[in-house]
Amino acid sequence: MAALSLGRGVSRLLGCLHRASAPWRAVSGRIRGAPDAAQPGSYLALSAQAAREPAAFWGPLARETLVWDTPYHTVWDCDFSSGKIGWFLGGQLNVSVNCLDQHVQKSPESVALIWERDEPGTEVRITYRELLETTCRLANTLKKHGVRRGDRVALYMSVSPLAVAAMLACARIGAVHTVVFAGFSAESLAGRINDAKCKVVITFNQGLRGGRVVELKKIVDEAVKHCPSVQHVLVAHRTENKVPMGDRDIPLEQEMAKEDPECTPESMGSEDTLFLLYTSGSTGMPKGLVHTQAGYLLYAALTHKLVFDYRPGDVFSCVADIGWITGHSYVVYGPLCNGATSILFESTPVYPNAGRYWEMVQRLKINQFYGAPTAVRLLLKYGDAWVKKYDRSSLRTLGSVGEPINQEAWEWLHKVVGDSRCTLVDTWWQTETGGICIAPRPSEEGAEILPGMAMRPFFGIIPILMDEKGNVMEGGDVSGSLCISQAWPGMARTIYGDHQRFVDAYFKAYPGYYFTGDGAYRTREGYYQITGRMDDVINISGHRLGTAEIEDAMANHPAVPETAVIGYPHDIKGEAAFAFIVLKDDRDDAEKVVEELRAAVAAKIAKYAVPDQILVVKRLPKTRSGKVMRRLLRKIVTGQTRDLGDTTTLEDPGVITEILTAYQKHGARRPAK
Ligand code: PRX
């Protein structure tokens, strides 16, 4: 009982944290254990409580924020040494009921989604009632075609209300969705479908992006040739064009029209799987991270509300694709659980021109705008006039995600787009974390925000920096490996089908801690700045890729026995891939081979994964034990050749001059972008 009353206090406080009048002070006495320095009920006090008493903090919040069929009996049961993570055990609920039915009961005609279609000015509004109906029809269609609780369904769809309904339809019947970004190749799609053993794929005949047609169904056809688990492909229509339909293809809209607009929701356990989402690691094929029901939803909803200062009636816009975790948490689950109006952005930032985002902000009166630094860097090159032309007075919060935001981009977003009056939040998180972990807000009321810094951990996130030897680094002005020492409800639970890989990837480097793969710097004030990946993962335009994946995609070329890929800084993309390749027998058709390699990467992964630069070298820099020293290649490409570090383990130090000469010649022909 004590915990419950404390909890009511907590959630009320959280609800008020952003408001200027700060009525939370009135109930501040309920927060126990706050550090002396912290105002009771303040960000610091709540953070301290979330860290010290996770059950008392999260338990009541979950009870009050979510709609349950059966209450949970245990708030959390987690152990980082075995990778065991469980929240709200014993509880039962349905995520689609939380995202739809509860709002339909209160205000069926409020707008759930505004679909900002590729063609500007043709937006479509979908109410909560309509979205529930579409979701139920789609859920019934899935059931009719054999999809049962626990079955996996792949979505290869462009950003659209139907794609959101497909995600929620899976949630409604207890099926597990895995959304594959509709820019991935047939081979990548097939790899994911096979790993997840999906029974059904949902797609569109075609997609539209930046005025261009994307042949979604054709790519699915190519992929499912190699996917024995797939029984049906449900094909919806985004364009008027007809595409060939085969035996296992089903016209989705026609089937949905026959189905009932109601569908009884499955009652799911808190820890049943909600979705899989594949992401790249430093080795091996992309891993299917498993997110579950209650903890994920609670965390997405709470971070959506508190980091962005979302208030009822706001129009929230996250321009990420639903194929990434950002789209899952901040286009779909977080906003819909909060009953928000969420924008679905189908287009690109420069279609039909560089004013697209801001014209949309004006037309749709957007209050929060959340996007990627890569787009900001691109747009600032087009000049301020494209921004200033449009009225942006509705904007209150601007958000950045996916990669470090450099000072210039931050300042431009803040000053030009936000007229120096909007709150700008640089949010750090990962597919694995489920939701935002470090961001400038929530904070003490009106606390400072520093450019290019994620700054403050969200409630329940305890960041730790480790030195190279695995010692916890105390104090400020230090850099180390970013770990998190305590479980939070939104984190991934495992890697689909390979729990040991989950343990090895995240809990082995620093036993007892979750290792993020990122490095970070902590200021004297205790703020965090992310410094970038510490492993062989690179970030191209905010899209995460393992360098090993790109190397693998090139590995089958008969003329190329060896490759090494590194990331290097790129003005717009943040990072780009640079491939060093060795040719067999001094072949003289290097340019042809290079073109074939580019095509191979596009076919095996995606177009964005194709290296910007490919350089033929005689050999790679290897240690005596045969390991490629990518560190040296990075130094060469970034011009840090005076400080190559320890090269004593190289098998033949002469290789450095050899590669440097080749690089300089190559540079003269094709300057690094
Ligand atoms: O390196 C970090 C970078 O993106 C990685 C996570 O990528 P992904 O799982 O695709 O999720 C991206 C969207 C949440 C991180 O390990 N990253 C993400 N946000 C930031 C960032 N790097 C610096 N600053 C950020 N705000």
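Residues numbered from 1 in each chain as written. Predicted model: local features only at pLDDT ≥ 70, side-chain atom pairs only at ≥ 80, totals over all residues. Heavy atoms only, no water.

A.B. asks: Which residues make up the site of the ligand, and what are the values?
C.D. replies: Every one of the 17 residues lining the ligand counts as a neighbour, but D426, T427, T431, D518 and R544 are closest to it. Interatomic distance of 2.6 Å between a side-chain N/O atom of T431 and an oxygen atom of the ligand. Relative to its free-state accessible area of 540 Å², the ligand is covered by the protein chains to the extent of 95%. Elements supplying a minimum of two residues to the shell around the ligand: α11 (325–337), β20 (423–427) and β26 (528–533). In terms of residue class, the shell around the ligand is made up of six nonpolar, six polar and five charged. (Near = heavy atom within 4 Å. Polar contact = N/O pair within 3.5 Å; in protein donor to acceptor, adjacent residues only side chain to side chain. Areas by Shrake-Rupley, 256 points an atom, 1.4 Å probe, with all protein chains shown as cover. Helix = DSSP H or I, 4+ residues; strand = E, 2+ residues; numbered from the N terminus. Nonpolar A, V, L, I, M, F, W, Y, C, P; charged D, E, K, R; others polar.)

A.B. asks: Summarise the side chain of S394; cite the residues concerned and give the values.
C.D. replies: By secondary structure assignment, the location of S394 is in the loop between α14 (385–388) and β19 (397–401). Within the structure, the side chain of S394 is placed 2.7 Å from the backbone oxygen of I366, a separation counted as a polar contact.

A.B. asks: So what about the pattern of salt bridges? Which residues, and what values?
C.D. replies: A full pass over the atoms with the stated rule returns 43 salt bridges. E109 is the salt-bridge partner of R129, the closest N and O atoms lying 2.7 Å from each other. Taken together, the residues R129 in helix α5 (residues 128–144) and E109 in the loop between α4 (95–106) and β4 (111–116) connect sequence positions 20 residues apart. R129 gets classed as partly exposed once you look at its relative accessible area, which sits at 34%. Under the relative-accessibility criterion, E109 is labelled partly exposed at 47%. Close ionic contact of R363 with E116 constitutes a salt bridge, the shortest N to O distance being 2.8 Å. On the criterion of sequence distance, the pair formed by R363 in helix α12 (residues 356–364) and E116 in strand β4 is long-range, its members being 247 residues apart. A residue is classified by how much of its surface remains accessible, and E116, at 0% relative accessible area, is buried. Because the salt bridges share partners, they merge into one network encompassing E116, E123, R125, R356, E359 and R363. (Salt bridge = Lys/Arg side-chain N within 4 Å of Asp/Glu carboxyl O. Buried < 20%, exposed > 50% of the residue type's maximum accessible area, 1.4 Å probe, protein only.)

A.B. asks: Can you explain the sheet that holds β19? Please cite residues and give values.
C.D. replies: Within a beta sheet, neighbouring strands are joined by backbone hydrogen bonds and run either parallel or antiparallel to one another. The strand order β5-β4-β17-β16-β18-β19-β20 describes an open sheet built from seven strands, whose pairing is mixed. Strand pairing shows two members of the sheet lacking a second neighbour, β5 (124–127) and β20, which therefore form its edges. Taken pair by pair, the neighbouring strands of this sheet meet at an average axis angle of 20°, ignoring direction. The sheet contact formed by strand β16 (residues 315–318) and strand β17 (residues 341–345) spans three bridges and is parallel. Bridge assignment links S317 to a residue of β17, and that residue is I343. (Pairing = 2+ DSSP bridges. Axes fitted to C-alpha atoms, helices over the stretch in contact; angles between N-to-C directions.)

A.B. asks: Can you explain the environment of P120? Please cite residues and give values.
C.D. replies: In this fold, P120 is placed in the loop between β4 and β5. Discounting residues that sit within four places of it in the chain, P120 has contacts with Y351, P352, R356 and R363. (Contact = heavy atoms within 4.5 Å.)

Honestly, that's just the spatial picture; any functional story needs more than this.
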